Amino acid sequence: MAVEHPRTSRENSLDFLRLFAASVVVLAHAQADFHTSFLWNASQLFDGVGMFFIMSGMLVYRSGESTWTRTGRWRDFFWNRYLRVAPGIYAFAVIAPLVLVAAGAVTLANLFKFPLVVWLGSSLVLLPNYDPPTWQHVGTGVINGQLYTIPAEVSFYLIVPVLVLAARRFGFPRMLAGFVLVSIVISIGAVLGGHTSEAVVHHTFVERAGFFAAGIFWARYRERVPARWWLFVVACAIYLPVKLIALDTDVLGPLSPFLIAIPLSYMVVFFGYHGPRAIGHLTERVGDLSYSTYIWHVLVINLLLFLGLAGEWWLVPLTLAITWCVAWLSWRLVEKPALRLKRISSRNLTRVPG
């Protein structure tokens, strides 16, 4: 069934949805770390990271298709992905320790010790998951716990060329089915393999492969699937009980991301392309703050904890407001200038036939 899409490919609310997803993560982490409740903990019903990965799967896979079709090489694809991820991580790795010094949380001398070398080195190679003992006494003691998703995202970038070429060689449905099957098998093997194997998989795309797979599906079939408000409501009705089950029990196991991603991806894609135009225009004016909101919010939480603040509901929206301000600075001073270094843009995408 053909579906009319009156908007162009860039007239969408995906940037707003990314900011919403990042903000949901901020609210969830702030409530947990401040030991308080805000809006009845409703943020737990939204899978912010899953929403990120659905949109990433769709847009990054489409970008890979387009780049290969237009250039016949992968250099520009990887360069664009690097520019989107690395500058924000590098800025955080350098500035966050300096902020802790300025706040009196750590001494300047501590920044010249070996753990900080490891901290900077791991960030340099986009594995920003090392927790130095330098600031273990500050708040929760961890300012980069949220960044486990960075190597997961980067690992997905690395396999996109394989997926694109496999789709051309074997057909898109076979490629997608193979991606899902291999991911499930690896996830089950990691569970059986014990803590170490689970920790490794946790930092790759495999653990969240259901969300990436859903995004890849929509990259190819969005214009073929009926876009209806009543289907959006049905998707919400399916999503909520599945999400609640996933929150309360591990009975779904490795299948959990796949089962959540099916209704959630319809919700994301439908709202992203058919939601109110005004919210899309909002992020056009203020910028794409989602990535930096995600990166910086845990540092904000820990600074407030260091100041002795906890247990009050108003700390949650305060954290979000401060984080948005920091994110705006990061977007204007770091991310946006870096994105100007792209040699080709994926904003005007070429649709691959098939």
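This text follows the structure it describes.
Residues numbered from 1 in each chain as written. Predicted model: local features only at pLDDT ≥ 70, side-chain atom pairs only at ≥ 80, totals over all residues. Heavy atoms only, no water.

**Looking at the pattern of salt bridges**
(1) Moving on: In this structure the tally under the stated criterion is 10 salt bridges.
(2) Moving on: One salt bridge connects Asp-15 with Arg-18, and the closest N-O pair in it is separated by 2.0 Å. Separated by three residues within a single helix, Asp-15 and Arg-18 lie in helix α1 (residues 14-34), roughly one turn from each other. Comparing Asp-15 with Arg-18 shows no difference in burial state: the two are buried. (Salt bridge = Lys/Arg side-chain N within 4 Å of Asp/Glu carboxyl O. Helix = DSSP H or I, 4+ residues; strand = E, 2+ residues; numbered from the N terminus. Buried < 20%, exposed > 50% of the residue type's maximum accessible area, 1.4 Å probe, protein only.)

**Description of empty space enclosed by the protein**
The gaps left among the atoms become clear once a water-sized probe is rolled over them.
(1) Moving on: Scanning the model with the defined rule gives one cavity of 30 Å³ or more in all.
(2) Moving on: Along the walls of the largest cavity sit 10 residues, with Trp-218, Val-225, Ala-227, Val-269 and Phe-270 positioned nearest its centre.
(3) Moving on: Looking at the lining of the largest cavity, the element that brings in the most residues is helix α10 (residues 256-274), giving four residues.
(4) Moving on: In terms of residue class, the lining of the largest cavity is made up of seven nonpolar, two polar and one charged. (1 Å grid on protein atoms, 1.4 Å probe; cavity = no way out; pocket = protein on both sides within 12 Å on 5 of 7 lines; lining within 4 Å. Points joined across faces, edges and corners; volume = space filled by probe spheres on them. Nonpolar A, V, L, I, M, F, W, Y, C, P; charged D, E, K, R; others polar.)

**With respect to a nonpolar patch on the surface**
(1) Moving on: Residues Leu-282, Val-286, Trp-328, Leu-329 and Leu-333 make up a contiguous nonpolar surface patch of about 470 Å² in total accessible area.
(2) Moving on: Broken down by element, the residue count for the nonpolar patch peaks at three residues, all from helix α13 (residues 315-339).
(3) Moving on: Here Val-286 is to be found in helix α11 (residues 277-286).
(4) Moving on: For Val-286, a relative accessible area of 32% gives the class partly exposed. (Patch = residues over 30% accessible without salt bridge, like charges linked within 9 Å, V, L, I, M, F, W, Y side chains within 5 Å. Areas by Shrake-Rupley, 256 points an atom, 1.4 Å probe, with all protein chains shown as cover.)

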